[in-house]
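This is what each chain is made of:
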Number of protein chains: 2
Amino acid sequence: MGSAFETDTAVTPAGEGRYEATLSDRWSILGAPNGGYLMAIAARALLHASGRPDPTTLTTHFHRSPAPGMVTLTAQPLHTGRSTSSTLVRMRQGDAPVLTMMGLAGDTATGRGPSAQQAQAPELPPPEELEDPRSLGGGPPTPEFQQRLDLRCLPGEPGWAHGTPTGRLETVAWLRLLDGPEPDPLVVVLATDALPPTVFELSMFSWVPTLEMTVHIRARPAPGWLRVAHRTRFLIDGTLEEDAEVWDSAGALVGQSRQLARTRG
Amino acid sequence: MGSAFETDTAVTPAGEGRYEATLSDRWSILGAPNGGYLMAIAARALLHASGRPDPTTLTTHFHRSPAPGMVTLTAQPLHTGRSTSSTLVRMRQGDAPVLTMMGLAGDTATGRGPSAQQAQAPELPPPEELEDPRSLGGGPPTPEFQQRLDLRCLPGEPGWAHGTPTGRLETVAWLRLLDGPEPDPLVVVLATDALPPTVFELSMFSWVPTLEMTVHIRARPAPGWLRVAHRTRFLIDGTLEEDAEVWDSAGALVGQSRQLARTRG
């Protein structure tokens, strides 16, 4: 028996680059499956089709929000290099396109070369000492999705959940899956899209659909809690970027992401 | 007669989603056409095929460095929404794949919604008062590519070109095309990949091939000089991200990019 994440992101090969999967209702926000959850499913098809162990970079265009239930996926090889492969994955629900992912897969463990970091993991008190925002009464109703995650924020954060939006479009949090497993690159993908929209701190509580999201996997994570730093710098005419950095328990950067999203305010 | 940029990035429709283009040697670095130049060509095919005026987000996987000369492109529609279209463009030289681009096109002028900026354009003295690094003797030989651009840096920058690498993986510069035209979104795409690799400031002068690069176009630029801010925070086992922000002469953010690249040191 796998964890909820492993079970709910499983894909079944259906011949000739085709896959089937069932979207669970356990990863939804107001009835719509979370984008990071959908990306993890598409990434499983991409890894299976490429025969490579790790995602290196995954770019997803989100076309339409699906309902829980069956989806089909196709994987089309784009280019096979010495150590990486580019693949295109398309997810559909019935005839409706859900998303298209273009991704590069390789073997993260074979990376060789120099290292130089100009930034460190965010400093946070131990997760046991911090607040679980699900314990708060304020803000929008807690989505099913949040029931899968153990999330620990600094006292008073997020401000909007305490009834006092901060106006600062950045936050940091500890994150882990409630029933395991230990994090792997696909859990890192999930983590990059797991925090509430940054613009909630501007009291903009409308739906924030993602147009495009790119996730870089920089290393396989060590066991334990992940730290996520989430930030928006530019909301322009209703379009914003949301950047995420994901760090493992050993303080290593394991993932970076940027999404382009829309808000009506 | 168009500018060198317009002439050298032109694509010719060749029926059924096919295009031809000729890579000029005027945008090369040590014989290899610049990645931003190649993206601008692929983006022209993408815009033509989608029938939309502006790129919104362009993601490119670079497979192999081409030589100057003829390339063919194919454009495959992935999804057509109300106001945006996703398209896949593949560029080949003979039988060899050069790059694959997945992009979303729309109409930047129709963006509606709230704005909130948490950062401003970098403060720089007027370009006329700053150094053109091409006038310096140090560093690697000036590529053909740099002869197309007017680039103005702060005194002493880039450090490596003055023989004193700074160890700081960030820089800012003014940039414009030497023979025009005024900037448009495709010039912004070029600008995101126009500065020398950040890791030169670590005295790492080996080739820095791009695995994947995503450019967001946030607005159509005003006429005049562009400002580019370029930064790397994480070089891990030879893999790094390079982020760029491009601002127009009116101080508006017009583009954001992130690339995943490799260095041997």
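Residues numbered from 1 in each chain as written. Chains lettered and ligands numbered in written order. Predicted model: local features only at pLDDT ≥ 70, side-chain atom pairs only at ≥ 80, totals over all residues. Heavy atoms only, no water.

Caption draft 1: Representation of the packing of aromatic side chains. Residues and elements named next belong to chain A. In the structure shown here, the tally under the stated rule is 16 aromatic pairs over all chains. Ring centres of tryptophan 160 and phenylalanine 200 lie 5.0 Å apart, and the angle between their planes is 85 degrees; on these two criteria the pair is classed as edge-to-face. Remark: phenylalanine 200 occurs in the loop between helix H3 (185-192) and strand E12 (210-217) and tryptophan 160 occurs in the loop between strand E10 (149-153) and strand E11 (170-177); sequence separation between them is 40 residues. Pair check on accessibility: tryptophan 160 and phenylalanine 200 agree, each one buried. Taken together, the ring pairs in this structure connect Phe5, Trp27, Tyr37 and Phe145 into an aromatic cluster. Arginine 148 extends its terminal NZ or CZ atom over the ring of tryptophan 27, reaching a point 5.7 Å from the ring centre. (Phe/Tyr/Trp six-rings, centres within 6.5 Å; stacked < 30°, edge-to-face > 60°. Helix = DSSP H or I, 4+ residues; strand = E, 2+ residues; numbered from the N terminus. Buried < 20%, exposed > 50% of the residue type's maximum accessible area, 1.4 Å probe, protein only. Lys NZ or Arg CZ within 6 Å of the ring centre and 35° of its normal.)

Caption draft 2: Here's a closer look at the pairing of strand E13 (residues 226-231) of chain A. Residues and elements named next belong to chain A. A large share of E13 lies buried, amounting to five of its six residues. Bridge count between E11 and E13: six bridges; the pairing is antiparallel. Of the residues in E13, the one forming a bridge with valine 172 is alanine 229. By the bridge criterion, five bridges tie E13 to strand E15 (residues 239-247) in an arrangement that is antiparallel. Looking at the pairing, alanine 229 lines up with glutamate 245 of E15. (Pairing = 2+ DSSP bridges.)

Caption draft 3: Fine view of helix H2 (residues 35-50) of chain B. All names here are of chain B. Look at H2: 22 Å from first C-alpha to last across 16 residues, which is about the 22 Å you get at 1.5 Å a residue. In terms of burial, H2 is a largely internal element, 13 of the 16 residues being buried. Among the residues of H2, the N-terminal cap falls to asparagine 34, whose side-chain oxygen and the backbone nitrogen of glycine 36 are separated by 2.8 Å. (Expected span 1.5 Å × (residues − 1). Polar contact = N/O pair within 3.5 Å; in protein donor to acceptor, adjacent residues only side chain to side chain.)

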